[in-house]
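# Structural features, examined
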Amino acid sequence: MHAHSQPVSGAQPTWRDRIKPDWPLPQIQNVVATVNLGCLIDLQVLSLHARNVEYNRKKFHAVIMRIREPRTTTLVFASGRMVITGAKSEELARLAARRHARAIQKCGFNTRFLDFKVQNFVGSASCGFYIRIEGFQRANWLSAKFEPELFPGLVYTMLKPQLKCLVFSTGKVVFTGAKNEEDVFEAFANLYPMLLDFKVCNKTTTGSESKKQKAGPKTRVDRSLRTSSGSESE
């Protein structure tokens, strides 16, 4: 069995071969897709006849449409281009795009369904431990940028697969820019072993313990305030 799992011709094993059973797995949080309706859209007419829409021409040159199932938000441009966001998978994004296109068609537009394409898969994972962000940045300074004054997370640029990983000290990781769902899992399989090297081992404070620690100084302050107020009243 092990012989079959060995890489062939130097090829890297897939993420399924490399992710261990006790590792967390990322989840797809958002799929951004585009589609061409094949006709021009009068946004003013669409905003008057369609349901669950927002349109403010002075603020944004697109109609914002929303549907509940699947729960998504779509931007409709006068050129006939739609941008669908909020779906949890490519299949749901395609379904949402078709339902939006059908709703627009019912408003009197001769829509078609052309060039559907997913532009971005966004995934996230929780490592379950705190991470020494500064140490990770120093060890991977060519690919990692950390500017806490501008953004609380470290931005790690991965070349294969090509996407960006946002790493936070709490252990949360966000993957953005993936072209397919497999890339999110492949990126996590590459990144997680690197993060393990910068795990904060002594950060074992639970939620209740942290509350006690926060309450401690406050209690001492309250006592001192009561003491000082008591002496002033005397």
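For the structure itself, consult the block above.
First, a word on what this report is: a plain description of the structure on this page.

Rules used throughout
- In this numbering scheme, every chain counts its residues from 1 along its sequence in written order.
- The predicted origin of the model limits local features to residues at a pLDDT of at least 70 and limits the giving and counting of side-chain atom pairs to 80 or more, whereas totals for whole chains, interfaces and linings rest on all residues.
- For side-chain calculations, the full set of non-hydrogen atoms in the structure is used, while hydrogens and water are omitted.
- To define a nonpolar core, start from buried Ala, Val, Leu, Ile, Met, Phe, Trp, Tyr and Cys residues and group those joined through side-chain atoms within 4.5 Å.
- Remark: exposure states derive from per-residue accessible area (1.4 Å probe, protein chains only) relative to the maximum for the residue type, with buried under 20%, exposed over 50%, and partly exposed in between.
- Each helix is a run of H or I in the DSSP string that is no shorter than four residues. Each strand is a run of E no shorter than two, and both are numbered from the N terminus.
- Whether two residues are in contact is decided by their heavy atoms: any pair within 4.5 Å suffices.
- One less than the residue count of a helix, multiplied by 1.5 Å, gives the span that helix is expected to have.
- Within this analysis, the arc is defined by the directions that extend from the helix axis to the C-beta atoms.
- By the convention used here, strands pair only if DSSP detects at least 2 bridges between them.
- Each axis is a line fitted through C-alpha atoms, and for a helix only the stretch in contact is used; angles between axes span 0 to 180 degrees, taken between their N-to-C directions.
- Between the rings of Phe, Tyr and Trp (Trp by its six-membered ring), a pair exists once the centres lie within 6.5 Å; its type follows the angle of the planes, with under 30 degrees stacked, over 60 edge-to-face, and the other angles tilted.
- To sit over a ring, a charge needs its Lys NZ or Arg CZ within 6 Å of the ring centre and within 35 degrees of the ring normal.
- Polar contacts, as counted here, are pairs of nitrogen or oxygen atoms within 3.5 Å of one another; within protein the pair requires one atom able to donate a hydrogen and one able to accept it, and residues that are adjacent in sequence qualify only if both atoms are side-chain atoms.

## With respect to the nonpolar core
If you look at the biggest cluster of nonpolar residues, it comprises 54 residues, and the most contacted ones within it are Ile41, Leu46, Met82, Ile104, Phe175 and Leu191. For this core, the leading source of residues is helix α6 (residues 181-196), giving eight residues. Apart from residues no more than four positions distant in its own chain, Met82 is found in contact with Ala33, Thr34, Val35, Leu37, Thr74, Leu75, Val76, Ala97, His100, Ala101 and Ile104.

## Overview of helix α4 (residues 90-105)
Counted at 1.5 Å a residue, the expected span for α4 with its 16 residues is 22 Å, and the 22 Å between its end C-alpha atoms agrees. Within α4, the full set of buried residues consists of Ala93, Ala96, Ala97, His100, Ala101 and Ile104. One side of α4 carries all its buried residues, which in axial view fall inside an arc of 135 degrees.

## Some remarks on the sheet that holds strand β3 (residues 63-68)
One open sheet holds the ten strands; their spatial order is β2-β3-β4-β5-β1-β6-β10-β9-β8-β7, and the pairing between them is antiparallel. Lying at the two open borders of the sheet, with one neighbouring strand each, are β2 (53-54) and β7 (144-145). Of the strand pairs in this sheet, strand β1 (residues 27-36) and strand β5 (residues 81-87) are connected by five bridges, and their pairing is antiparallel. What sits directly across from Val35, in β5, is Met82. In the packing of α6 onto the sheet, contacts are made with β1, β6 (114-126), β8 (154-159), β9 (162-167) and β10 (172-178), and the angle to β10 comes to roughly 140 degrees.

## Side note on the packing of aromatic side chains
Scanning the entire structure with this criterion turns up nine aromatic pairs. On the basis of an interplanar angle of 70 degrees and a centroid distance of 5.7 Å, the ring pair of Phe136 and Tyr156 is categorised as edge-to-face. With Phe136 in helix α5 (residues 133-139) and Tyr156 in strand β8, the pair connects residues that are 20 residues apart, well separated along the chain. The pair formed by Phe136 and Tyr156 is uniform in burial state, with each residue classed as buried. Ring centres of Phe188 and Tyr192 lie 5.2 Å apart, and the angle between their planes is 35 degrees; on these two criteria the pair is classed as tilted. Within this pair, Phe188 and its partner Tyr192 are both found in helix α6, separated by four residues, close to a single helical turn. The pair Phe188 / Tyr192 is uniform in exposure class, with both members buried. In this structure, Arg98 packs its charged tip against the face of Phe113, placed 4.0 Å from the ring centre.

## Quick look at the pairing of β1
Here β1 runs beside β6; their pairing, made up of eight bridges, is antiparallel. From the neighbouring strand, Val32 faces β6, where its bridge partner is Asn120.

## What to know about the side chain of Ser47
The topology assignment puts Ser47 in helix α3 (residues 43-49). Residue Ser47 is classed as buried on the basis of its relative accessible area, which comes to 18%. Within the local environment of Ser47, its side chain forms a polar contact with the backbone oxygen of Gln44, the two atoms lying 2.7 Å apart. If we skip the residues at most four places from it in the chain, Ser47 touches Val53 and Tyr55.

Functional significance is not addressed by these values, which are geometric in nature.
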